[in-house]
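Letter by letter, the chains look like this.
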Amino acid sequence: MSNNRKPKVNNNKNPFTSSQPSQPKKFTGDIMNLMFNQNVVPLPVEKAKGNRKGNDVMWFYGDNNLYPNHLLKLYNNNPIHRGIIEGKINHIMGNGLKFANSDEKADFNVNEDDSITDLLRKVVEDYLIFSYYAIEVIFNGVGEPVQWNYIPASTIRTNKSRDKFFYCDDWELNSNQVIEFGKWNRNNNGDYTSKIYFYGGHSPSNKVYPEPEYSGALKSLQTYIDIIDFHSHNINNNFSPSSIITFHNGEPTPEMKETIERSITNSYTGSQGKKIIINFANEDSKPAEVTNISPSEWNEAYLSLNEQTLQNIISAHSLTSPLLCGVSVAGQLGANSEYKNSYKSFRKDYVFNRRREIVDSLNKLFKGVFNPIEIEDYDIFGDEIDPAVSAVMTIDEIRAKSGLPPLPNGQGNRLSKEVGTPTPATPTPPANFHKFSKEEIEEDELKFNSIAHFGSEAGEYMVLRRYAFNEELKFESDTKLTDYLIKSAPFAGQSLSSIQSKLDDEFTLQEIREEMAKLVNARLIPMSQLINSDDLRKAIKNSGVNNNNTSNLNRIEIRYSYEGHPIDEKTRPFCKKIQQANRLYSREDIEKMSEVLGFNIFSERGGLNCRHHWVKQSVVRIK
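Residues numbered from 1 in each chain as written. Predicted model: local features only at pLDDT ≥ 70, side-chain atom pairs only at ≥ 80, totals over all residues. Heavy atoms only, no water.

Chemist: Got a minute to help me understand the overall build of the protein in this structure?
Modeler: A count of helices and strands for the protein gives 17 helices and 20 strands. Of all 623 residues assigned to the protein, the portion counted as buried reaches 40%. Partitioning the intrachain contacts of the protein with sequence separation of at least 6 by distance along the chain shows that 71% fall at a separation of at least 24. With an accessible surface of roughly 34,400 Å², the protein has 48% of that area assigned to carbon and sulfur atoms. (Helix = DSSP H or I, 4+ residues; strand = E, 2+ residues; numbered from the N terminus. Buried < 20%, exposed > 50% of the residue type's maximum accessible area, 1.4 Å probe, protein only. Contact = heavy atoms within 4.5 Å. Areas by Shrake-Rupley, 256 points an atom, 1.4 Å probe, with all protein chains shown as cover.)

Chemist: What should I look at first to understand the environment of I85 in this one?
Modeler: Mapped onto the elements, I85 comes out in helix 2 (residues 79-93). Taking the relative accessible area as the measure of exposure, I85 reaches 0% and is therefore buried. Considering only alpha carbons, one finds I85 and L128, 43 residues apart in sequence, at a separation of 6.7 Å.

Chemist: Would you mind going over the confidence of the model for the protein with me for this structure?
Modeler: Any region with low pLDDT has predicted coordinates that should not be read closely. On average, residues of the protein score 78 in pLDDT, and 70% of them are at 70 or above. In this model residues 1-38 is a low-confidence stretch, pLDDT under 50, and it forms 75 contacts with partners more than four residues away in sequence or in other chains. In the model, residues 421-433 has pLDDT below 50 throughout and makes four contacts with residues more than four positions away in sequence or in other chains. (pLDDT = per-residue confidence, 0-100.)

Chemist: Help me understand the sheet that holds strand 17 (residues 461-466), please; the structure alone is not making it clear to me.
Modeler: By way of backbone hydrogen bonds, the strands of a sheet pair with one another, either parallel or antiparallel. Read from one edge to the other, the open sheet built from three strands follows the order 17-20-18, with strand pairing classed as antiparallel. Whereas interior strands pair on both sides, the edge strands pair on one side only; in this sheet they are strand 17 and strand 18 (556-564). Direction aside, the axes of adjacent strands within the sheet are offset by 45 degrees on average. One ladder, built from nine bridges, connects strand 18 with strand 20 (residues 612-621); its direction is antiparallel. In the strand pairing of strand 20, G564 is matched with H612. (Pairing = 2+ DSSP bridges. Axes fitted to C-alpha atoms, helices over the stretch in contact; angles between N-to-C directions.)

Structural data, given as structure tokens:
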């Protein structure tokens, strides 16, 4: 181009015939398009390292073995994607962990820094991003697993059969610093070296690395990031227009084209530069021409693309409504009934399935070591009652569904459908009202006074274990673990695993360790090297008693407490007296009480339709 020619600027032309900026208009001349911000989306290709053969060879994940880094980039840079995943994590975590078939919270540690809840949240996050997770299992000198460490999924590679694993803290910068691990196997840890527990769920394909569940939207995830970058660049450039530069002085050679392109790019754009289209036309008489493109025209194209991209992301994540994960979409107000239906469907079809997958996989890892765990569910809408069913329920029954106490003076005994029906006014009974006659009260007081001296104050004992209610008075031993530990202390030359084996694997290592700590705190056995201070602190916390000041070892006893429905206006005076006495009774106490009263107090309790029962407890006297 001669030095005496100046580019002609045309601000009126509109070069667009398509709303998609990635499909520029084809001009009659020879066009070169510079899409400076175009991203090449990596593909999840799998190949053996160095194209070598053999089962022990590591398989690359992605062309450069960095595909997990790409998935992390999508997670970190796409706010919609990240918000959906974090919302899913919260749904899956529910109301926290507890031990299966109990109300006891699961709060044990899996290593020096992490609780089981910490570990669960980390593996759930990895599973939702990568569709797999990894845990390092560390063993002690006798082959017992003692630590479970979270390993970031992006740092793990494996072989074709997934029985060898390769760890690197940064595969891009430190790929020559790799640590090799074997596969975790419950029955094959004889070398005592750390192993990797790898869980990748079920996949219908034969791929080494599972595809992420949102794989159908990978391009849309990148496109959404590009849209954000586009708007950010417009702001940084003060919304300056992009341009088409047309050279009318003929067709240059390919080498000249490349030189012109490089020169303009280096002079007028940066790493976050404008979009420029270079056009070579065959009109020798015209000088170079610059056509500016209005930012609003790009913006309209990107807004249209944004809507479709967002819908693709939501669909790939199996969301029945984006509001379930806190994602707001224009035009969706989220009617309450529609949102409830979406929430119930999402919980049933997605949350429960993912929760079961992950928890079952962890219970497989912890089997024999910790008691099985489960996630305590919660429903943001609570337990709803079908209107047809609620019509035949009493007010108190409906209140009980929400954990509320019965209404006083029998006011909740009416059917809910009668609430709006006027009822005759009745005087409010006095506070000391009861339905028992004076004679009945006096008789019950005499009955109680005749047995009041039996039993001992509950505060004189430390409770080791409570047992489920049994209608029959049975006194056979169901303390197999307790009896073995007391008999076998101080466990010279034994390990937790050997004790577990001698008890026919009926108990987990956790149960053995916790029972041992209880017995140490109860002064039933001496302190053992098989438990640590954390175990003992937990035993003291659960019992509410620190009994390590007692000089002599104690012995275990069986006592019974009288428990059941809280005291209310329906409670018999006899039952009320026994409950308020707060005493524990031995087998001999209960038998003698039955002789004095003239009936079997264990089976009949307070009388017909009594709401109370006896609870068996293993205890140790501390006073």
